[in-house]
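This is what each chain is made of:
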Amino acid sequence: MCKPSTIAIDGPAASGKSTIGYYLAQRLAYLYLDTGALYRAVTWAALQQGLPIMDEACITRLAEEVEIDVLPPAVEDGRQYTVTLAGVDITWAIRTPEVDRAVSPVSIYPGVREALTQQMRRIAAQGRVVMVGRDIGTVVLPHADLKIYVVASAEERAHRRLLDRTQQGCAPDFEQMLQEIRRRDEIDSGRAAAPLRPAADAVMFDTTSMTKEQMFDAVEQLVDSFACDSGG
Ligand code: DC
């Protein structure tokens, strides 16, 4: 059977795109790249070094200089991959509420996007890759064989983030979570450079009322129905 070699998965925060992308990559034995991790790593480095997030030139220079790697999971603690910055494992450090709050402003800067997009394309060059983000199908890999755009209601996504945070030992408030999700949607969709939106040829995938198993079945059917002569 013919399989898509490059798969682009986009969608808003907590829509289920990473869960779906990771599953597909495992099933197909492809490389998995969650591109949000790169934006988060730059943001974490900026916070760590006490750099002003609103200083575009300074944050752009940082993005051009930092040495980020996304590697297969080094530890069995529920992670999908290991993120290192200059060799230091920052996999969980990039998932804190502080990074959540600062990452959308960082990802607005065109120079930051340019630097990270180059890294993503290098990684995808050999094919057999599932890449997850906001602009993969529209900007990073506009010629991807299969593009999937994952959505879910803001309430459902806030609920999912609440569960993640509770598992990390925090006790956030649902309304606060919902507000943060909506704020990030606005920034991600409203920015001038590579805004969050589906590619014209993306398959829409609504996970609002799906269990994980239902998501996996549906996405697998999608890949199985991929035809090389029509899909590339
Ligand atoms: O998927 P995530 O929540 O880890 O992404 C973190 C931030 O990075 C998000 O606010 C938007 C940004 N991002 C982006 O602009 N483009 C991508 N390809 C991936 C993430």
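Parameters and conventions
Residues numbered from 1 in each chain as written. Predicted model: local features only at pLDDT ≥ 70, side-chain atom pairs only at ≥ 80, totals over all residues. Heavy atoms only, no water. Core = buried A, V, L, I, M, F, W, Y, C linked by side-chain atoms within 4.5 Å. Buried < 20%, exposed > 50% of the residue type's maximum accessible area, 1.4 Å probe, protein only. Helix = DSSP H or I, 4+ residues; strand = E, 2+ residues; numbered from the N terminus. Contact = heavy atoms within 4.5 Å. Salt bridge = Lys/Arg side-chain N within 4 Å of Asp/Glu carboxyl O. Near = heavy atom within 4 Å. Polar contact = N/O pair within 3.5 Å; in protein donor to acceptor, adjacent residues only side chain to side chain. Areas by Shrake-Rupley, 256 points an atom, 1.4 Å probe, with all protein chains shown as cover. Pairing = 2+ DSSP bridges. Axes fitted to C-alpha atoms, helices over the stretch in contact; angles between N-to-C directions. Phe/Tyr/Trp six-rings, centres within 6.5 Å; stacked < 30°, edge-to-face > 60°. 1 Å grid on protein atoms, 1.4 Å probe; cavity = no way out; pocket = protein on both sides within 12 Å on 5 of 7 lines; lining within 4 Å. Points joined across faces, edges and corners; volume = space filled by probe spheres on them. Nonpolar A, V, L, I, M, F, W, Y, C, P; charged D, E, K, R; others polar.

> Describe the nonpolar core, listing the residues and the values that go with them.
Grouped together as the largest cluster of nonpolar side chains are 58 residues, with contacts concentrated most on I7, I9, L24, V42, I68, M120 and I148. The dominant element in this core, judged by the number of residues it contributes, is helix α2 (residues 36-48), at eight residues. When near neighbours in sequence (up to four residues on either side) are disregarded, I148 contacts I7, A8, I9, D10, L24, V203, F205, V219 and L222. Listed in part, the eight residues of the second largest apolar core include A14, A154, M177 and I181.

> Got a sec to walk through the pattern of salt bridges? Specific residues and values, please.
Applying the stated criterion across every chain yields a total of 17 salt bridges. Residues R95 and D34 are paired through a salt bridge, measuring 3.5 Å at the closest nitrogen-oxygen approach. Residue R95 is found in the loop between β5 (88-89) and α4 (97-108), and its partner D34 is found in strand β2 (residues 31-34); the two are separated by 61 residues along the sequence. Note that E156 and R160 form a salt bridge whose closest N and O atoms lie 3.0 Å from each other. Here R160 and E156 lie together in helix α7 (residues 154-167), a separation of four residues that amounts to about one turn. Judged by relative accessible area, R160 falls into the buried class, the value being 16%. What emerges from the salt-bridge pattern is a single network uniting R40, D100 and R165.

> Please give an account of the site of the ligand that cites residues and values.
Around the ligand lies a shell of 17 residues, among which R40, R113, R134, D135 and R184 are the nearest. Here R134 contributes a side-chain N or O atom positioned 2.8 Å from an oxygen atom of the ligand. A distance of 2.7 Å is found between an oxygen atom of the ligand and a side-chain nitrogen or oxygen belonging to R184. Here the ligand loses 98% of its free accessible area of 450 Å² to cover by the protein chains.

> Pulling in residues and values, what's your account of the sheet that holds strand β3 (residues 68-71)?
A sheet is described by the order of its strands in space; here three strands give the open sequence β3-β4-β5, paired in antiparallel fashion. Since the sheet does not close on itself, it has two edges, and those belong to β3 and β5, each with one partner. Pairing of strand β4 (residues 82-85) with β5, which is carried by two bridges, proceeds in the antiparallel orientation. By the bridge assignment, L85 is partnered in β5 with V88. Here α2 sits on the sheet and contacts β3 and β4; the angle it forms with β4, its principal contact strand, is near 40 degrees.

> So what's going on with the packing of aromatic side chains? Which residues, and what values?
For the structure shown, the criterion picks out three aromatic pairs. Look at Y22 and Y32: their rings are 5.5 Å apart centre to centre, the planes differ by 70 degrees, and that puts the pair in the edge-to-face class. Here Y22, found in helix α1 (residues 17-28), pairs with Y32, found in strand β2; they are 10 residues apart in sequence, far enough to count as distant. For Y22, a relative accessible area of 23% gives the class partly exposed. Taking the centre distance of 4.0 Å and the plane angle of 10 degrees together, the rings of Y23 and F216 count as stacked. Placement of Y23 in helix α1 and of F216 in helix α9 (residues 212-224) is noted, with a sequence separation of 193 residues between them. The class of F216 is buried, set by a relative accessible area of 17%.

> Please provide a residue-by-residue account of the side chain of R40, values included.
Looking at where R40 falls in the secondary structure, it is placed in helix α2. Residue classification places R40 among the buried residues on the basis of a relative accessible area of 6%. What R40 contacts, discounting residues up to four positions off in sequence, is I94, R95, V99, D100, V103, R161 and R184.

> Describe the layout of surface pockets, with residues and values.
Over the atoms a probe the size of a water molecule is rolled, and this reveals where empty space is left. Of the pockets and cavities examined, the largest pocket occupies roughly 1,400 Å³. Contributing to the lining of the largest pocket are 46 residues, with S18, T19, R95, R161 and D164 lying nearest its centre. Counting only elements with at least two residues in the lining of the largest pocket, the list comes to α1, α2, α4, β6 (129-133), α7, α8 (174-190) and α9. It is α7 that contributes the most residues to the lining of the largest pocket, eight residues altogether. Residues belonging to the lining of the largest pocket are distributed by class as follows: 12 nonpolar, 16 polar and 18 charged. The wall of the second largest pocket is formed by 13 residues, among which L31, Y32, L71, P72 and Y81 lie closest to the centre.

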